[in-house]
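Chains, contacts and geometry: an overview
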Amino acid sequence: MNTIGTSLRLTLFGSSHGPGVGCVMDGVPAGLEVTVEEIQREVDLRKPAALIGTPRAEADRVEVLGGILEGVTTGTPVVLYIANHDTDSSKYERFRTVPRPGHADLTALGKYGDAADLRGGGQFSGRMTAPIVAAGAVAKTMLATIGVQVAAYTQRLGRLVDDKERCLKEVRRAARENPVRAADPELALEMVNEIMAAKEEGDSVGGVVRCLAEGLPIGVGEPFFDSLEGELAKMMFSIPGVKGVEFGAGFRGAEMRGSEHNDPFTIEGGEVRTMTNHAGGILGGLSNGMPLDLKVAIKPTASISREQRSVDLEQMEDASVKIEGRHDPSIVPRAVTVVEAATALVLADMCLRGDFIARKHR
Ligand SMILES: Cc1cc2nc3c(=O)[nH]c(=O)nc-3n(C[C@H](O)[C@H](O)[C@H](O)COP(=O)(O)O)c2cc1C
């Protein structure tokens, strides 16, 4: 379905090559200051970088269709819209017969039959994440009212890994200053080269986005089934191209002893903290006051320019497919913006649900 969230409900609409994409956000408190410029700034961060991506001829422009009046939320649904431009659907017709490996053509045809909209990947396109990013900007202003901040960066790109411990402040600063959204400027250069090398070989490269959130109070989450981990994981797996989600030590925890994995408690500045953060800021499905530490694995872009093996669904025989058009050799840098926004949306929803965020601000 196309709606997510309980107290803050986000509904997406549109498709990659239709008139546009957008969202309706229900539950946004009244009286929050949020300008279209702020939303636009976030959406601009999602666009492909010149060197390593394939920019659209015309930049995305966010329109506010409701819920914000003179830079202040009114309490009615916030409706955001981004028109599609520069679309060429002709290249996608062939994928009805010869589906692209790694893409959703075959599964979409299986579910929706001939009516499936495969133009530009239809509803399965990364384009659907543009309104998520726009909505994330509004969610961030909700979180700011209680001092919660969210920041993401490229932690791994192919074989290149940034294994340094990072705080949110340095991530916020560094990751907006290079095209791969890395926290380390030197590693960023290597990552650019990694993407270029894959591109030259007609290939693509995946990676890991790490997202941190600081300032969360203890107790955000609604166990049993709406645990903070569960809600975040569901949102992350809705992002196209996401194939893994990990909190704190995650899968590494399976190799540890309890004595190593347990985060010892300590008192710091009159508050209970933990000395390590293998739990990733969540215990029992509830935030524990430590930074949320979330990692999201992004697969290498499915659309590569090399010839690939597929099948001809009319002839029911093996076939090959060559994909033309606009595709990023790595979606990881763009996914950084998306993961950050998606995290902000879940945290805003869960903080509203738990009465940590007020429903009226004036
Ligand atoms: C911001 C963003 C941009 C994307 N751009 C592309 C792209 O240019 N080419 C492509 O093959 N996949 C792209 N994807 C991923 C596909 O949409 C996705 O892999 C495909 O729909 C199959 O879904 P799945 O990988 O989640 O199973 C993008 C994803 C995101 C988040």
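Quick note: structure is the one above.
Residues numbered from 1 in each chain as written. Predicted model: local features only at pLDDT ≥ 70, side-chain atom pairs only at ≥ 80, totals over all residues.

**Section: the overall build of the protein**
On a plain count of helices and strands, the protein comes out with eight helices and 18 strands. The C-alpha radius of gyration computed for the protein amounts to 21 Å, which stays within 12% of the reference 21 Å derived for 362 residues, consistent with globular compactness. Counting only C-alpha atoms and orienting by the principal axes, one finds that the protein spans roughly 70 × 50 × 40 Å. When burial is assessed residue by residue, the protein has 44% of its 362 residues classed as buried. (Helix = DSSP H or I, 4+ residues; strand = E, 2+ residues; numbered from the N terminus. Rg over C-alpha atoms; globule rule 2.2 N^0.38 Å. Buried ≥ 20, exposed ≤ 12 C-beta atoms within 10 Å, placed from the backbone.)

**Describing the sheet that holds strand β9 (residues 160–161)**
Taken in spatial order, the five strands line up as β9-β8-β10-β16-β11 in an open sheet, and their pairing is antiparallel. This sheet does not close on itself; its edge strands, each paired only once, are β9 and β11 (242–247). For β11 and strand β16 (residues 292–298), the ladder comprises five bridges, and the chain directions are antiparallel. Considered in β16, the bridge of Glu246 is made with Lys295. On top of the sheet, helix α6 (residues 228–238) reaches β11 and β16; it is set at about 160° to β11, its chief contact. (Pairing = 2+ DSSP bridges. Contact = placed C-beta atoms within 7 Å. Axes fitted to C-alpha atoms, helices over the stretch in contact; angles between N-to-C directions.)

**A look at the nonpolar core**
Counting 86 residues, the largest nonpolar core has Ala134, Ala135, Val339, Leu345, Leu347 and Ala348 as the members making the most contacts within it. Ranked by residue count, the leading element in this core is helix α8 (residues 332–353), at 15 residues. When neighbours within four sequence positions are excluded, Leu347 is seen to be in contact with Leu143, Val148, Val150, Ala213 and Leu216. Counting residues in hydrophobic clusters, the runner-up holds seven residues, among them Val98, Ala104, Leu118 and Phe124. (Core = buried A, V, L, I, M, F, W, Y, C linked by C-beta atoms within 7 Å.)

**As for the site of the ligand**
With respect to spatial proximity, 20 residues lie near the ligand, and among them Gly126, Pro240, Gly241, Ala302 and Ser303 are the closest. Per element, the largest residue contribution to the shell around the ligand is three residues, and it comes from α8. Here the shell around the ligand is built from residues that sort into eight nonpolar, nine polar and three charged. (Near = placed C-beta within 6 Å. Nonpolar A, V, L, I, M, F, W, Y, C, P; charged D, E, K, R; others polar.)

**What to know about the sheet that holds strand β2 (residues 9–14)**
If you walk across this open sheet you meet the five strands as β1-β2-β3-β7-β4, and the pairing is antiparallel. Looking along the sheet, the strands with just one partner apiece sit at the ends: β1 (3–4) and β4 (62–66). Looking at chain direction, β4 and strand β7 (residues 78–83) are connected through four bridges and run antiparallel. Residue pairing for β7: Val64 is matched across the bridge by Leu80.

**Here's the deal with α6**
Of all the residues in α6, the buried ones are Leu228, Glu229, Glu231, Leu232, Met235 and Met236. Along the axis of α6, the buried residues cluster in a sector spanning 165°; they form a single face. (Arc of directions from axis to C-beta.)

**A short note on the pairing of strand β10 (residues 207–214)**
Where burial is concerned, most of β10 is hidden: seven out of the eight residues are buried. Pairing between strand β8 (residues 149–157) and β10: eight bridges, direction antiparallel. Directly across from Ala151, in β10, lies its bridge partner Leu212. Taken together, the seven bridges between β10 and β16 define a ladder with antiparallel strand orientation.

**A word on the pairing of strand β12 (residues 265–268)**
Relative to strand β13 (residues 271–274), β12 runs antiparallel, the two being bridged by four bridges. In the strand pairing of β13, Thr266 is matched with Arg273. Hairpin connection of β12 to β13: two residues between the antiparallel strands, including Gly269 at a positive phi of 55°.

**Describing the packing of helix α1 (residues 36–45) against helix α3 (residues 129–144)**
The contact between α1 and α3 brings their axes to 8 Å, and the two run at 135°. In terms of orientation, α1 lies oblique with respect to α3. Considering the relative orientation of α1 and α3, their crossing is right-handed. For the pair formed by α1 and α3, the contact residues are Glu38, Ile39, Glu42 and Val43 on the first element and Ala130, Val133, Ala134, Gly136, Ala137 and Val138 on the second. Considered class by class, the residues forming the contact of α1 with α3 number seven nonpolar, one polar and two charged. (Parallel < 35°, antiparallel > 145°, perpendicular 65-115°, else oblique. Left-handed = near helix turned anticlockwise from the far one by under 90°.)

**Concerning the packing of α3 against α8**
When two helices pack together, their arrangement is captured by the angle between the axes and the distance separating the axes. One way to put it is that α3 packs onto α8 with a least axis distance of 7 Å and a crossing angle of 45°. Between α3 and α8, the crossing angle belongs to the class labelled oblique. Crossing angle aside, the handedness with which α3 passes α8 is left-handed. In this structure, α3 contributes Thr129, Ile132, Val133, Ala135, Gly136, Ala139, Lys140, Met142 and Leu143 to the contact, and α8 contributes Thr337, Val338, Glu340, Ala341, Ala342, Ala344, Leu345, Leu347, Ala348 and Cys351. When its residues are assigned to classes, the contact of α3 with α8 shows 14 nonpolar, three polar and two charged.

**A closer look at unusual backbone geometry**
With omega at 10°, the peptide bond leading from Pro223 into Phe224 counts as cis. Locating Phe224 in the fold gives a position in the loop between β10 and α6. One non-glycine residue, Arg181, lies in the positive phi region at around 60°. With respect to the helices and strands, Arg181 occurs in the loop between α4 (168–174) and α5 (185–200). Its identity is not glycine, yet Met316 carries a phi of approximately 50°, on the positive side. Residue placement: Met316 occurs in the loop between β17 (308–312) and β18 (317–321).

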